[in-house]
Amino acid sequence: MASRRRMLLKVIILGDSGVGKTSLMNQYVNKKFSNQYKATIGADFLTKEVQFEDRLFTLQIWDTAGQERFQSLGVAFYRGADCCVLVYDVNVMKSFDDLNNWREEFLIQASPSDPENFPFVVLGNKIDVDGGNSRVVSEKKAKAWCASKGNIPYFETSAKEGFNVEAAFECIAKNALKNEPEEEIYLPDTIDVVGGGRQQRSSGCEC
Amino acid sequence: MHETDQHDLSDDADYAASQGLRSNLQKEAAKRSGPSETSGAEVVYQKDNVTIHPTQYASERISGRLRLIKQGSSLFMTWIPYKSSHTSNDVGQGSNARLFEKERNLYTIRAVPLTDVRSIRRHTPTLGWQYLIVVLSSGLAFPPLYFYNGGVKEFLATLKQHVFLGRSADDSNVFLVNDLQDPLQRSLSSLELPRVVSVANGTSSISASSVPSIEDSDKINGDNHVGSLRLSEYSGKQRQKSHDPRDLSIQVPSLPANAPDKGPGDTEKDLTEAPVASDPLEKTQCRKEKHGQEAATRVGTFELVDCKEFDRLSLVWGKPRQPPLGFEEWATFLDGEGRIMDSKALRKRIFYGGVEHSLRKEVWKVLLGFHAYDSTYAEREYLKSIKKAEYETIKSQWQSISPAQAKKFTKFRERKALIDKDVVRTDRSISFYDGDDNPNVTLLRDILLTYSFYNFDLGYCQGMSDLLSPILFVMECESESFWCFVALMERLGPNFNRDQNGMHSQLFALSKLVELLDIPLHNYLKQADCLNYFFCFRWILIQFKRELEYGMTMRLWEVLWTHYLSEHFHLYLSVAILKRHRKKIMGEQMDFDTLLKFINELSGHLDLDSALRDAEALCICAGENGAACIPPGTPPSLPVENGFLNSQQDDDD
Ligand SMILES: Nc1nc2c(ncn2[C@@H]2O[C@H](COP(=O)(O)OP(=O)(O)OP(=O)(O)O)[C@@H](O)[C@H]2O)c(=O)[nH]1
Ligand SMILES: [Mg+2]
């Protein structure tokens, strides 16, 4: 039972409606993009097996509705998350401005035991649109924000082209792993496996 | 947990007596190969004013006399509704009275052998009368029998003297009759939603034709000997059917609840396609078209009764779905000037069968309240033209916003962007909306944007495009679609309130209904910490739109819009679907995540017709207690004056 629990890593994807959360999740898990995804109502998740250092994990990726009105549902879904992915659309300023709200809302509703060090990852999606010409949030600006929030790892992605999606989720999985509860990380024979588990994430993700 | 607790009856004198009696009966039955020669039948129990409630309307209740009749070693149950005088209230409504008479016949229980009864469930509401639900081995169930003059205890005690009566360990109010099957099956069946297929119950049909005198006997008050009955023809025959391998070929089980476990979703389909009967007992249902064979197989020596006869006699507990309302029949509901003469009759008709697609354009406008039931053709034409102009006026409000103005109108830009994003994600696989630059997608956008100005406080919220899509598909007219959508949002608007109160009150009501109608499932969900019912969120927010294919969504919606049995029929439907999958949910000990995934993946795999029948049965069964589970003002109840519109805060989307 305990080992099964340790194998599951729960990841929550948050961000404004239409930034591409569902598309990112499907690109990562199913390696495909469709123009026909429907707006997410309620919540759903996909799972994917991932391997790190000879250990198999199940990544459980939760995709929730982006509209603020549905946030009161969040509490049921955020609970027990190991990592939170914040997504914005590089072509929509508001979706970037809202990242702060999403982050705070998550911390309130999920109330992780150590909010200061809870792992987030930020994705700037849809960089393919218009060859980058309609972009309104610069990489620099995004990175500055991430740095100000405790060096959150940052990735620029295109769910449509599949660009950087794999790399982003690898980082997400690693960060989720770091967040595994102490009592399970510090089992006698696993003490040093993750290098202490609470090291400061310096700049970005070294994956 | 599934074992029948037989010990809780062993200290019961009645029970002990019945044990001895039972083994005798079995021996006797085993010796018999043909119809019993025993003469005479003895009424061992009789109760007057045992009543069924076919609908929630008190005027439609049917009272009758319940009896247990012993014939040889066999016990039979009959319930015969009283005649004529009780329908006198309906004088003046010729067709209604006739309908009533017909239904009265439909509900009659004519000599059902107790060997065909699987379980009896006792309900003791805090208010109102005690009632019993009798479930047959075939999965059919009779409507709840309300004991207006008491007598439930006596009834059960009498039963105990004559048949084996066990008690379900899961629910002490469920009495298992002749319960000799495997313990898992029996406790499930006892709890299961009475599964009613359109099969006429062979038993009641046959007895009706072979023992016509039983109804007449009703007039012979106080005569406990009904010698003319030939009830004994049943002895030793019941239940053989399910063990007859020949049956398997004609049994098309429609009930996933009993199916061997499969992955979510594929259960119903697989079963329909491949009726592999792992447990013949659970496969005793068959499709309508198989009635004749079913009956022939079942009773062997009896004549084959034609399908029409079966239909007439079928149980109406969860009535068979009817064909959709067509033009000709629709015309009969209208007077010379186009007024709907009997709106209740119309709603009832649509509740049971829906509407033919080509007629929806007319009927939906009435069901949704865009047109009043008593409006004339002329009035409707007139309203249509006024409303078209009115729509254009509202639409021009946002159309007149120049790009320069839009720059300074963030809320407008954001709202428009959200709608733009959603309409291109709405039903694009339907040809009506597919392809690039589809004008219908633009219409969706325009109507939604106009609505967000018409009801600026509520604005636009995700899910609305799902609700509008079928309406535009049916109306094919921008302004009429808009007004029908407005009417629908009068009912469902609170689903999209910022504080989500509409959703929360429905989910709350759903949990209460499950508690009322399926305590074990409720208890399971409680201990699994699933009582928030968020896994049903999508069902309720957009009325199963994502769970059903397009045509079925339209069918369901028109049924819901009749508000015929309940304004909140969608909640009973939710209960019905959950109940259908309760075995899997509880058996696999699903936690919140697994349950959510399971429910999401039921999408596209729901059998709407049987779910509707289940829901109907549940709704009737729950009666006033069900209604009491639903807080006043719960959507889609029309809001009280000055209701939700004012409760909106400033837009934040
Ligand atoms: N060009 C481009 N389009 C994208 C990309 N990712 C998503 N989209 C499109 O953006 C729209 C929204 O994508 P979704 O994945 O449904 O967005 P979401 O964040 O899940 O939205 P909600 O479910 O409403 O919260 C869809 O029309 C997608 O096709 C991308 O990387 N590039
Ligand atoms: Mg989504």
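Bear in mind that the values here come from a model prediction, so they are computed numbers and not experimental data.

So, how was this worked out
Residues numbered from 1 in each chain as written. Chains lettered and ligands numbered in written order. Predicted model: local features only at pLDDT ≥ 70, side-chain atom pairs only at ≥ 80, totals over all residues. Heavy atoms only, no water. Helix = DSSP H or I, 4+ residues; strand = E, 2+ residues; numbered from the N terminus. Buried < 20%, exposed > 50% of the residue type's maximum accessible area, 1.4 Å probe, protein only. Contact = heavy atoms within 4.5 Å. Areas by Shrake-Rupley, 256 points an atom, 1.4 Å probe, with all protein chains shown as cover. Axes fitted to C-alpha atoms, helices over the stretch in contact; angles between N-to-C directions. Parallel < 35°, antiparallel > 145°, perpendicular 65-115°, else oblique. Nonpolar A, V, L, I, M, F, W, Y, C, P; charged D, E, K, R; others polar. Salt bridge = Lys/Arg side-chain N within 4 Å of Asp/Glu carboxyl O. Near = heavy atom within 4 Å. Polar contact = N/O pair within 3.5 Å; in protein donor to acceptor, adjacent residues only side chain to side chain. Pairing = 2+ DSSP bridges.

Peer 1: Quick question: what am I supposed to make of the overall build of chain A here?
Peer 2: Looking only at helices and strands, chain A has eight helices and six strands in total. Helices (α) and strands (β) of chain A occur, in sequence order from the N terminus, as α-β-α-β-β-α-β-α-α-β-α-β-α-α. By residue count, 53% of the 207 residues in chain A fall in the buried class. Looking at chain A alone, contacts between residues at least 24 apart form 72% of all its contacts between residues at least 6 apart. Put simply, chain A shows about 9100 Å² of open surface, and 50% of that area lies on carbon and sulfur atoms.

Peer 1: Explanation requested: the overall build of chain B in the structure shown.
Peer 2: In terms of helices and strands, chain B carries 27 helices and nine strands. Looking at chain B as a whole, 59% of its 653 residues qualify as buried. Sequence separation of at least 24 residues holds for 73% of the intrachain contacts in chain B that already meet a minimum separation of 6.

Peer 1: Just checking my understanding: could you explain the packing of helix H19 (residues 501-517) of chain B against helix H26 (residues 608-628) of chain B for this structure?
Peer 2: Relative orientation and spacing of two packed helices are given, respectively, by the angle between their axes and the distance between those axes. All names here are of chain B. The geometry of H19 relative to H26 is characterised by a closest axis approach of 11 Å and an angle of 110° between their N-to-C directions. Compared by their axis directions, H19 and H26 come out roughly perpendicular. Here H19 contributes Leu513, Leu516 and Leu517 to the contact with H26, which in turn contributes Leu618, Cys621, Ala622, Asn625 and Gly626. Within the contact of H19 with H26, the residues separate by chemical class into six nonpolar, two polar and no charged.

Peer 1: What am I meant to see in the packing of H19 of chain B against helix H20 (residues 519-527) of chain B here?
Peer 2: All names here are of chain B. The interhelical angle for the contact between H19 and H20, taken along N-to-C directions, is 130°, at an axis separation of 5 Å. With respect to H20, the element H19 is oriented oblique. From H19, Ser511, Val514, Glu515 and Leu517 reach across to H20, where they touch Ile519, Leu521 and His522. In the contact of H19 with H20, the residues fall into four nonpolar, two polar and one charged.

Peer 1: Help me out: how do you make sense of the pattern of salt bridges in this one?
Peer 2: Between side chains of opposite charge, pairing is possible as soon as their charged atoms come close. Counted according to the given criterion, the structure contains 35 salt bridges over all chains. A salt bridge links Asp98 of chain A to Lys94 of chain A; the shortest N-O distance between them is 2.9 Å. By relative accessible area, which is 8% here, Asp98 of chain A ends up buried. Salt-bridge contacts for Arg445 of chain B lead to Asp420 of chain B; the nearest nitrogen and oxygen are separated by 3.4 Å. With Arg445 of chain B in helix H16 (residues 439-454) and Asp420 of chain B in helix H15 (residues 410-423), the pair connects residues that are 25 residues apart, well separated along the chain. Judged by relative accessible area, which is 19%, Arg445 of chain B ranks as buried. A residue is classified by how much of its surface remains accessible, and Asp420 of chain B, at 27% relative accessible area, is partly exposed.

Peer 1: Teacher, can you tell me more about the site of ligand 1 here?
Peer 2: Lining the immediate environment of ligand 1, one finds 23 residues, of which Lys21, Ser23 and Asp128 of chain A together with Arg425 and Gln462 of chain B sit closest. Residues close to ligand 1 are split across chains A and B. At 3.0 Å from an oxygen atom of ligand 1 is found a main-chain nitrogen or oxygen belonging to Gly20 of chain A. At a separation of 3.1 Å, an oxygen atom of ligand 1 approaches a polar backbone atom of Lys160 of chain A. Out of a free accessible area of 660 Å², ligand 1 has 93% covered by protein chains. Here the shell around ligand 1 gets three residues from one element, more than from any other, and that element is helix H2 (residues 21-30) of chain A. Of the residues that constitute the shell around ligand 1, the class distribution is six nonpolar, 11 polar and six charged.

Peer 1: What's the story with the sheet that holds strand S6 (residues 154-156) of chain A in this structure? I'm lost.
Peer 2: Paired through their backbone hydrogen bonds, the strands of a sheet run either parallel or antiparallel. Residues and elements named next belong to chain A. Here six strands make up an open sheet; going across it, the order is S2-S3-S1-S4-S5-S6 and the pairing mixed. Strand pairing shows two members of the sheet lacking a second neighbour, strand S2 (43-52) and S6, which therefore form its edges. Sheet twist, expressed as the average angle between the axes of neighbouring strands with direction ignored, equals 25°. In the packing of helix H6 (residues 139-148) onto the sheet, contacts are made with strand S4 (83-89), strand S5 (120-125) and S6, and the angle to S6 comes to roughly 155°.

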